[in-house]
Amino acid sequence: MPLTPSLDELKRRIALYDDESAYKELFFAFHRPLLQFSYSFVQSYEVAEEVVSDVFMAIWERRRQLEEIKNLRVYLYICTKNASLKSLLKQQKHISITLDDLKVELESPHNNPEQLLLTAEMRNRIQQAVDHLPPRCKIIFKLIKEDGLKYREVAEILNLSVKTVDNQLATALRKIGNAINIDLRKAIRF
Amino acid sequence: MSADRIWELMGRKLSNEASAEELQELDHLLRVHPDLHFSIQTITDLWQQKDDDESSDQLQTAYDQHLRRMREKGISINKESYQELHEPVTVEADWDMETPRRPRRNFKIRAISLTTLLLAVAAWFVWRPSNTGKSIATNGVADTGGVLPSEISTNYGTRTTQVLPDGSRVWLNAGSKLVFGKNFGENLREVTLTGEAFFDVAKNPDIPFVIHTNTLDIRVLGTQFNVKSYPTDKTTETSLIRGSVEVVVKKRPNEKYVLKPNEKLVVLNDQESTQHWGNGADLLPVKENLIAIKNLTYQQGDTSDIESAWVRNKLSVKDMPFSEMAKIMERWYDVRFEFRNKKLEEVWITGSFDNETLSQALEALQFSFAFNYEINDKTVIVY
C-alpha cells in the first residue's frame, strides 16, 4: 500500500501527463486488496477480476478529473464496492446485500509459521476464531489489518460510523484473544 | 468492563489510531490484567506479520489482462493496442521533444517511442465551410444510378461515389478499385474491392450483397459499413456502422464473424510478420492476434467514428504512428513520403483534417511536434 504522498504523486502524474507507468504502479499497489474486497461481495474471483479491471478502466477514462478526488484510496474502494454490487444486481443474485452477507477471505495468519512460536493447536484455534468472525467484523478487521486503512477510511467505504469501526475491531481482537486464552488455560491444565 | 476497553485500545494501537493518553491507559490496564499478556503479545505478533506480497509476475499477468480488456472496449491507454497488433515490440530510449510553439499548461508534449506513454497530440483545426463540389472528386464517374460500369476506380488524391442499380451507394477512397460481378443484382450482388470503400447497402434479403477482398469475404443484407483493404496496409479492417455483416476470413473458411454495430474486425494481412509475437510469453497467442474484433474509434468531442470519417471528407486518425498516417496521406494527397529521421515514424498522432491542402496539413502537424519537411514534386521528405 503506497504512502499517501506517493499516491497523490501517482494521481497527479496520471491526471496531468497520461503517465502509464504511474497508472501501472497504482494498479500494482491496489490490485490485490481491491480484488479481495470485491470478492467479499461477488464471491467469485473471476467476476472480481472484471470488477477491479472496470474500476481501473474508469480511473483511466476519467483521469482528467482525478485531481478532484481527495482520497484516491477511499475512492478506489468505494468504486469497487459499487461496481461489485452492480455486478451482483446484474446477475440478479441479490436484490440487496448488507455487510452481514459478505464472505470475507482473510490472508492466512500463518503464512510464515516459523516466525511465531505457536503450537499447531493454537494456530488452529486462532484460525477458527478468525474464520468465525461475523462478516461485518471480519471485513473491518481485514481492511485495517491487511490493507492498512484508517478507521475513518473504513467508515467512509462501508458507510458506517467511526465508532462502529472502532467497536468492531475491538470485538474481532477480543474474540481472537479469547481463543488464545482458552487454549492457554487448557495448556496449563494439562 | 476493563477487558473490553483493553481490546478497544489494542485495536487503536495496532492500527496507529491511538493517542498518547490512550497508549498510557492501555499500559496501565495491562498491568492490572497479566492474564491477557500472552494473547495480547500473540495478537500483536500476528498483526505485524506481513503476508507474502503477490508476486510481481502475478500482478503483471493481471495487468496485461486488464490492458487487453481495455483494448477490447476500445479504450486506448497507449499505442500498445495498435502496435501489438501490427509489429513486433521494439524498445527504444525516450526522447523528449518539447514544442515551443504550442505550449499547453500541464501538458508535456512528447514524442514517444513504443513503450512509454502516449500523449495524443490533439490537432484542432479551423473548421472551414466545406465546398462540397470540390471535395469529392468524381473522377469521371457520374453519380447516377444508371448503367453500371464493370468497375469503378480512383487514383491517389481522388475519391468518388456511385449509386448502384439496386439503390446501394458506394464511396470509394483514394487509390481503390471496385469490380462488379457479372449479373450484379440478379441472384447476388457481388463486388470485389481493392483499397477502401464505404458501403450503404440497400436492404434486400433475397439478394445478398457480397464483397470480396484479398483476405476476406463479407456478406450483408442491408447495412452501412466501411471496408479497408489496401494491399500495402498491414491489416484489413471491416467497420460496421449499423446493421449486421458476416465476415469469413479466407485463411480460416470455417469460422464466421458476425459484427455488431460499432465493431470492427481487424485481420492481419501478412502472416509472416506474426511470427515475432511468439517471443513474448505474456502476449496473446498468435492466432488471437491475427484476427481481432474492436470497437470503432471516436475522437474526443466527436460523435462520428474515425473509420468512416473520410466519407465526410475528413482525414482523421487516432493514436496512429506518423509512418501509418503518412500512408493515408500518400493516398489522400497523391504523394510519397520519405522519412529521413526514423524517430519521426514513431511519433503518435491523433487529429483530423478538413479539406486542408497538403502543406496546410503538414504545417498543422508541425504545431504538434517538431519536424521539418520539403516537398519535391510529389515526394514529401520528412526530417
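Residues numbered from 1 in each chain as written. Chains lettered and ligands numbered in written order. Predicted model: local features only at pLDDT ≥ 70, side-chain atom pairs only at ≥ 80, totals over all residues. Heavy atoms only, no water.

A. Examining the overall build of chain A more closely. Per the secondary structure count, chain A includes eight helices and zero strands. Going residue by residue from the N terminus, the α and β elements of chain A occur as α-α-α-α-α-α-α-α. In chain A, of all internal contacts separated by at least 6 residues, the share reaching a separation of at least 24 is 70%. Of the accessible surface of chain A, which amounts to about 9100 Å², a share of 50% is contributed by carbon and sulfur atoms. (Helix = DSSP H or I, 4+ residues; strand = E, 2+ residues; numbered from the N terminus. Contact = heavy atoms within 4.5 Å. Areas by Shrake-Rupley, 256 points an atom, 1.4 Å probe, with all protein chains shown as cover.)

B. Region of interest: helix α2 (residues 20-42) of chain A. All names here are of chain A. When the terminal C-alpha atoms of α2 are compared, their 29 Å separation across 23 residues is substantially less than the 33 Å that a helix rising 1.5 Å per residue should span. Along its length, α2 reaches its greatest deviation from straightness, about 45°, at F30, and the proline P33 lies no more than four positions downstream. In terms of residue burial, α2 counts as a mostly covered element, since 17 of its 23 residues are buried. Q43, located one to two residues past α2, shows a positive phi value of around 55°. (Expected span 1.5 Å × (residues − 1). Bend = angle between axes of the 7 residues up to and from the residue. Buried < 20%, exposed > 50% of the residue type's maximum accessible area, 1.4 Å probe, protein only.)

C. Spatial organisation of the environment of D166 of chain A. Take D166 of chain A: it is sitting in helix α8 (residues 162-189). Sequence-wise, D166 of chain A and R152 of chain A are 14 residues apart; in three dimensions their C-alpha atoms are separated by 9.5 Å. With sequence-adjacent residues up to four places away left out, D166 of chain A is seen in contact with Y151 of chain A together with E8 and R12 of chain B.

D. Just the pattern of salt bridges, in detail. This structure, assessed with the given rule, holds 23 salt bridges over all chains. Between R174 of chain A and D4 of chain B there is a salt bridge, and its shortest N-O distance comes to 3.6 Å. Residue R174 of chain A is found in helix α8, and its partner D4 of chain B is found in helix α1 (residues 2-14); the two belong to separate chains. Overall, the relative accessible area of 33% leaves D4 of chain B in the partly exposed class. The shortest N-O distance in the salt bridge between R5 of chain B and E25 of chain B comes to 2.8 Å. Of this pair, R5 of chain B sits in helix α1 while E25 of chain B sits in helix α2 (residues 20-32); the two residues are 20 residues apart in sequence, bridging distant segments of the chain. (Salt bridge = Lys/Arg side-chain N within 4 Å of Asp/Glu carboxyl O.)

E. Expanded view of unusual backbone geometry. Residue and element names in this part refer to chain A. Here the phi dihedral of Q43 falls at roughly 55°; this positive angle occurs in a residue that is not glycine. Counting through the fold element by element, Q43 comes out in the loop between α2 and α3 (45-61). Take Q43: its relative accessible area is 37%, and that puts it in the partly exposed class.

F. Local environment of the environment of V52 of chain A. All names here are of chain A. Inspection of the secondary structure puts V52 in helix α3. Separated by 19 residues in the primary sequence, V52 and P33 have C-alpha atoms spaced 9.9 Å apart. Once residues lying within four places of it in the same chain are set aside, the contact partners of V52 are H31, L34, L35 and S38.

G. Main features of the nonpolar core. Formed by 80 residues in total, the largest nonpolar core has its most connected members in Y23, L26, L158 and L173 of chain A. It is α2 of chain A that contributes the most residues to this core, eleven residues altogether. In this structure L173 of chain A touches F141 of chain A together with W7, M10, G11, L14, I43 and W47 of chain B, once residues within four positions along its chain are discounted. Listed in part, the 31 residues of the second largest apolar core include F198, V317, V335 and F337 of chain B. (Core = buried A, V, L, I, M, F, W, Y, C linked by side-chain atoms within 4.5 Å.)

H. The arrangement of the side chain of R189 of chain B in detail. Residues and elements named next belong to chain B. Mapped onto the elements of the fold, R189 is located in strand β6 (residues 189-201). The exposure class of R189 is buried, given its relative accessible area of 2%. Here the side chain of R189 touches A202 through a polar contact of 2.9 Å, landing on its backbone oxygen. Once you skip the residues sitting within four places of it in the chain, R189 turns out to touch D166, S168, F184, V201, A202, N204, I207, P208, F209, V210 and L221. (Polar contact = N/O pair within 3.5 Å; in protein donor to acceptor, adjacent residues only side chain to side chain.)

I. Seen up close, the pairing of strand β18 (residues 373-376) of chain B. Residues and elements named next belong to chain B. The sheet contact formed by β18 and strand β19 (residues 379-382) spans four bridges and is antiparallel. What sits directly across from I375, in β19, is V380. The antiparallel hairpin formed by β18 and β19 contains two residues in its connecting segment, where D377 sits at a positive phi of about 55°. (Pairing = 2+ DSSP bridges.)

J. Region of interest: the sheet that holds β18 of chain B. All names here are of chain B. Reading across the sheet, the three strands line up as β16-β19-β18 and stay open at both edges, with mixed pairing between neighbours. Only two strands of the sheet have a single neighbouring strand rather than two, namely β16 (336-339) and β18. Here the average twist between neighbouring strands, direction ignored, is 20°. Relative to β19, β16 runs parallel, the two being bridged by four bridges. The residue of β19 that forms the bridge with E338 is I381. Each of β16 and β19 touches helix α8 (residues 322-333); the most contacted strand, β16, lies at about 155° to it. In the packing of helix α10 (residues 358-368) onto the sheet, contacts are made with β16, β18 and β19, and the angle to β18 comes to roughly 170°. (Axes fitted to C-alpha atoms, helices over the stretch in contact; angles between N-to-C directions.)

K. Seen up close, helix α4 (residues 72-90) of chain A. Residue and element names in this part refer to chain A. Across its 19 residues, α4 extends 26 Å between first and last C-alpha, which sits within 8% of the 27 Å expected from 1.5 Å per residue. Regarding α4, the residues found buried are L72, R73, V74, L76, Y77, C79, T80, K81, S84, S87 and L88. At the N-terminal boundary of α4, the capping side chain belongs to N71, with an oxygen 3.1 Å from the backbone nitrogen of R73.

L. Structural context of the packing of helix α6 (residues 135-145) of chain A against helix α7 (residues 151-158) of chain A. Residues and elements named next belong to chain A. Contact geometry for α6 and α7: axes closest at 10 Å, N-to-C directions at 135°. Relative to α7, α6 is oriented oblique. The hand of the α6/α7 crossing is right-handed. Along its contact with α6, which presents I139, I140, L143 and I144, the element α7 presents Y151, V154 and L158. Residue composition of the contact of α6 with α7, grouped by class: seven nonpolar, no polar and no charged. (Parallel < 35°, antiparallel > 145°, perpendicular 65-115°, else oblique. Left-handed = near helix turned anticlockwise from the far one by under 90°. Nonpolar A, V, L, I, M, F, W, Y, C, P; charged D, E, K, R; others polar.)

M. Up close: the environment of L178 of chain B. Residue and element names in this part refer to chain B. Relative to the elements of secondary structure, L178 occurs in strand β5 (residues 177-180). As a C-alpha pair, L178 and E196 span 18 residues in sequence and 9.1 Å in three-dimensional space. Among all residues touching L178, those that are not within four sequence positions of it are S150, E151, I152, V170, L172, V191, T192, L193 and F199.

Everything listed here is a matter of geometry and, on its own, says nothing about what the molecule does.
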